[in-house]
Structure formats: structure tokens, C-alpha cells
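One letter stands for each residue in the lines below.
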Amino acid sequence: MSSRSWLGLRVIRILLFVLGAAASYRIHYGCSPFYGEETLRRRRSRLHQKKADRLLRLAIELKGILIKLGQFLSARVDLLPEEYTRILAQLQDAVPPADFTLIKQRLRDDLGKNPEEVFSVFNETPIAAASLGQVHEAVLKDGRRVAVKIQYPGIRRIVEADLRAARWASWFLQRFLRRIRFDILYQEFSRILHQELDYIQEARNAERFYQNFDGDDRIVVPKVIWDYTTPHVLTLEFVEGIKITEFETIRAAGVELPALARLLMESYMKQLFAHRFLHGDPHPGNLFVRPGRTPEAGPILVFVDFGLMQPLTPAVREGIKTTVGGIMDRDIPRIAQGLFDLGFIDRTGDRRAIEQIAAFFIEKYRDISPKSFREIGIGDIAHDLQQIFSLSSTIQIPNNFILIWRTLGMLNGINSRLDPNLNIIELAKLYAVPFIRSEEGWFDRLWKTGQGVGGSLLALPKALETFLVMANRGEFQTKMSSEDVTGALLRLYRLVYRTTLGAFFLALLVIARYFEHRGDGLESRTAAAAAMVMGILLGWSLLNDRR
């Protein structure tokens, strides 16, 4: 069979599975009026389990991105039933290795030499196998011990074929299961998958992660061996330790599990609040433990696999700052504002309803330990989330938070065994408080103020249109005194004044950048000075309002 025919058969089998699943769910929902609530619940659970098990077996058989897709979906408790997330979680450890003949050919093609010319020792049995490649232990000719990650030959063509099938399947399923945002799932899954295929980018990620923790003796990150790294082969310094879930072995090595739990979470607090660069795949195969040189030194944590990393943009950083500050202070309106800023809530959403939802979650989960969190069960969390999504269609999980969500879920699972009583939120205060209180320069603050006013300027016509339409329908009833009218006019004046200042401020900044790009220094400085004046007037107006 030709490779084209084989790829076509893969696509057909995937689509047949999707069509069969869609038909089964269509029949189930069509028959739902004829069953009682409890019977319907049991039948639906059996259907979820049957289809999830079929997807599991198909993924193991076809390999490729189906394994990665199953791993990805197993973390989406906000979108998928518990039966799917529980069964698909088995794919974390269910990847058989590829034939070594193919691996050897990939090494020869990418390194331009036979493996024997590069390595004095090369273990043909992989120490780890994943959906896109596998890792072998080796020794270079100069005696350095290395881990060589090799991408499966032909995997890119398989990935593209499977992504086409996934795109068609997501389009089709969206017509039947409208509550699940298959378009969001597909977009983020495709982005993550292409990111993992680029081993040069993974090497850069590893190097950046190494530099972030340089000087911290408690964290070990392997160095990149660039001479033997290509887009399909990644060679790293070999690092070893005890798998983080081998709890008895860790204890026997003299490592206290609560100290390890604290170190793990501290490392992620640093990544989130200081480095703004998150290791997005902390499953047990990527985290190892070593005992410290002395018992007082505490444990050492070893990170591997840097294909899934999540940089935090300035906008995300500010949204996290607002949300985390609200959680620590139990400030519900502030939490809601942070969720708006991060994109969890559509701008047209009812803020009061969102604040009620935030209040529910802050009371239920803020002070919970991993042990209690684990006892709640993933199904209970999924139920809470599904209730929220059903209550408000404006709630969503933005693409850039899908990986963060998955990461936090994995960390909680590990910590529930390392230290069931650790309160992660309280530990986060040590790093979150400086992060929240960090001050920016005056220019950054003025720029954000200008952006806010500019956003208000753009939103003002739509807001006025909505107001006039509602007023024309007679949907407003008002009682105003002369003082109320005076106050309203004064507020309207201030809004127009600040909007005008903000518009001039932003326009002058753009003009200054334009002249700077052209090399007209005098004109650029003049425009920048004028922008500064507008910014000062705007800041002074806002300051007077606060007073």
C-alpha cells in the first residue's frame, strides 16, 4: 500500500469513528424524552464510557496525533464528561516504541553520519516513548553522557493528515454538540502540536529554562548539545533521578515528601510570577528527584522535556495580577475584572452573575488542600464547571489558558500524594504578593491609561446606540433631581474631556514612533513631548477624581 493510500485510510478510519460517535449521541438525545432522569443518566454514562474506550483503542492502534489528542482531551474537565477524561488518561503511559531501524535512519539523515561515528555507545532500547518521538540514552565520542530525542520518520505527514481529519471532525461535531467548543479545542491542539514538532524551538525553550534557574542548586535542567541538535533530533545532557511518583523510593533516599511538594510548587510559582515562562507538561515522566548533598539542603528537582512551554504575554500577566490579588484578598469584583481581562468572560457578559459565580468558587476552593481537592473528585469539579458553562454562555476558557489549566491539574495530582495538606494558594502568596505589588515605570502606566481611554472611546458609540435604542423602547425609568442632572452632566463632561485627552495622547505616540522610524529626531521628540503633556493632564484628571 502506498503512503498516500495509507494516510487516506487513517483519515477515513478517524472520520468513521467521529460519524459513528455523532450518530450514537444523536440517537441517544433523540430518545431522551422516553426515559426517566436516572435511567437517562445511566445510559448516557455508558455511552460516554463506550465511545471513550473506543477512542482509546483507536489511538493506541493508529498512534500519531490520536495519542496526543487523547492526552490533551484527558485534561479538559471543563468541556468533556468524566468518563472521557478518566479513560483517556491511560494514554499517558500507553505509547509503544517505534522500530529502531527507522530511528537509526532518522539519525543518519539528520546528523549526516552513521550513529557509530557520533556515539561511542547508543542504547537501542528507548528510555521513553511518546506520540511524536522517543528518547535514547547514549554516550558521545568525547565521553559525555547524553539523552537523544528522535522524531519518528514521516510523523509530520501523519500529523498533517490527522489534523485535516480533526478539523473536519470538529466542524461536524460542532453541529451536534453545540455546548462543547470544538473549534477552540482544535485551534489550541493544532498550535501545541506544531510547537512540539519543532525540536530547534524545544532546544531554545530548554536553554531559556536553564538560564531562568541558573544559580538555584535545587533545580536541575539539562544543557543543550547544539552540535548534535537538528529540527528532528534533540541532544541534551543526560540527567537522572527518581521518578517523582515513586514515593517509597524517594522516601528511602532520605527525601521528605512535604519538602519535595513545597519545592515543586515554589518552582512553578517562580515560573509563573517571576520568569513568566511555564513548563507546560509536568507529568511524572518529566519530573525526577534527587536527594540533596545534606539532609538540611533538602531535595533536588530535575526537569526534562521542554516541547510544551507557555510564555506569558504582558496582557496575561496583568490579568493574572488582578485575579490572583482578588483571590488572596477575597475581593469578588476584582476577581471578576481579572477574569474579564484574561478572556474567560465575554465582554457582553453580566458582571453581577459572574461575581456570583466567582464568590461560589472562592468559598469552595480557596482554602482547600490537595487532599481535600482530590477527595472531591474530578467528576465533581467537572459537574461544577458544567453547571457554570450552562448558566452563562459568556464563560469560556481562552486558548492560551488551556495549557496552564492542564499544567495546574497535573501539579495538583502529584501534590495530593506528596503532601495532601499543602495549601497551594497560601504558598503562592510568597511569590504572588511581590508580583502583584510590582510597580511599572511612569511611561507604562500612562500607556495603559491611554489604552483604557482609547478603548472607552471605541466603545462609546456602541454604548450610546444601545442606550438610545433602549430609551426609544421605553425600557428606562428614571427619577432625577436637579442635582442629579447637574452631576450627570458633570460626569459626561469629564468623560468627553478624558476621552479627548486619551485620543490625542495615543495619536501623538503613534506620530512620534512614525517620525522616529523615519529618522526625524526633532519631530519625534516634539510629538513625544506633546504626548507627555496630554498624558500628564489625563493623569492629573484621574488623580483629582480619586481625591
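Residues numbered from 1 in each chain as written. Predicted model: local features only at pLDDT ≥ 70, side-chain atom pairs only at ≥ 80, totals over all residues. Heavy atoms only, no water.

S.K.: Whenever I open this one, the sheet that holds strand β9 (residues 287-290) confuses me. Can you help?
M.R.: Sheet strands pair via backbone hydrogen bonds, and the direction of the pair is either parallel or antiparallel. Taken together, the four strands give an open sheet; going across it, the order is β5-β10-β9-β7, and neighbouring strands pair in mixed fashion. Among the strands making up the open sheet, the edge pair consists of β5 (219-220) and β7 (242-243). For β5 and strand β10 (residues 300-303), the ladder comprises two bridges, and the chain directions are parallel. Considered in β10, the bridge of Ile-219 is made with Leu-301. (Pairing = 2+ DSSP bridges. Helix = DSSP H or I, 4+ residues; strand = E, 2+ residues; numbered from the N terminus.)

S.K.: I tried to follow the confidence of the model for the protein on my own but got confused; where do I start?
M.R.: Reading predicted coordinates in detail is not appropriate for stretches of low pLDDT. With 72% of its residues at a pLDDT of 70 or more, the protein has an overall mean of 77. Averaged over each element, pLDDT in the protein is lowest for helix α19 (residues 442-472) (51) and highest for strand β6 (residues 233-237) (97). (pLDDT = per-residue confidence, 0-100.)

S.K.: I keep staring at the pattern of salt bridges and nothing clicks. Help me out?
M.R.: Opposite charge on two side chains allows them to pair when their charged atoms are near. A full pass over the atoms with the stated rule returns 18 salt bridges. Here Glu-38 and Arg-41 are joined by a salt bridge, their closest N and O atoms 2.6 Å apart. In this pair, Glu-38 and Arg-41 are both assigned in helix α2 (residues 37-62), three residues apart and thus about one turn of the helix distant. In this structure, Lys-270 engages Asp-216 in a salt bridge whose closest nitrogen and oxygen atoms are separated by 3.2 Å. Remark: Asp-216 occurs in the loop between α9 (199-212) and β5 and Lys-270 occurs in helix α11 (residues 257-275); sequence separation between them is 54 residues. Judged by relative accessible area, Lys-270 falls into the partly exposed class, the value being 21%. (Salt bridge = Lys/Arg side-chain N within 4 Å of Asp/Glu carboxyl O. Buried < 20%, exposed > 50% of the residue type's maximum accessible area, 1.4 Å probe, protein only.)

S.K.: What should I look at first to understand the packing of aromatic side chains in this one?
M.R.: For any pair of aromatic rings, the description consists of the separation of the ring centres together with the inter-plane angle of the planes. Evaluated as defined, the whole model comprises seven aromatic pairs. Taken together, a centroid distance of 5.5 Å and an interplanar angle of 45° make the contact between Phe-209 and Phe-306 tilted. Taken as a pair, Phe-209 in helix α9 and Phe-306 in the loop between β10 and β11 (309-311) lie far apart in primary sequence, 97 residues in all. Taken individually, Phe-209 and Phe-306 each receive the classification buried, so the pair is uniform in this respect. It is Arg-208 that lies over the ring of Phe-277; its NZ or CZ is 3.9 Å from the centre. (Phe/Tyr/Trp six-rings, centres within 6.5 Å; stacked < 30°, edge-to-face > 60°. Lys NZ or Arg CZ within 6 Å of the ring centre and 35° of its normal.)

S.K.: How do you make sense of the pairing of β10 when you look at a structure like this?
M.R.: Walk down a regular strand and you will see the side chains alternate between the two sheet faces. Neither face of β10 is open: one carries Ile-300 and Val-302, the other Leu-301 and Phe-303, and all of them are buried. Sheet topology places β9 next to β10; four bridges connect them, and they run antiparallel. For Phe-288, the partnering residue across the bridge sits in β10 and is Val-302.

S.K.: In this structure, what is going on with helix α8 (residues 182-197)? I would like to understand it.
M.R.: Look at α8: 22 Å from first C-alpha to last across 16 residues, which is about the 22 Å you get at 1.5 Å a residue. In terms of residue burial, α8 counts as a mostly covered element, since twelve of its 16 residues are buried. Listing the buried residues of α8 in full gives Phe-182, Ile-184, Leu-185, Tyr-186, Glu-188, Phe-189, Ser-190, Ile-192, Leu-193, Gln-195, Glu-196 and Leu-197. (Expected span 1.5 Å × (residues − 1).)

S.K.: How should the pairing of strand β3 (residues 133-140) be read in this particular structure?
M.R.: Of all eight residues in β3, six are buried; the element is thus mostly enclosed. With three bridges joining them, strand β1 (residues 119-122) and β3 adopt antiparallel strand pairing. The residue of β3 that forms the bridge with Phe-119 is Leu-140. By the bridge criterion, two bridges tie strand β2 (residues 128-129) to β3 in an arrangement that is antiparallel. By the bridge assignment, Ala-129 is partnered in β3 with Gln-134. Connecting β2 to the next strand, β3, in antiparallel fashion are three residues. Here β3 pairs with strand β4 (residues 145-151) via seven bridges, running antiparallel. Among the inter-strand pairings, His-136 is bridged to a residue of β4, identified as Val-148. Where β3 folds back on β4, the antiparallel hairpin that results is connected by four residues, among which Gly-143 adopts a positive phi of roughly 95°.

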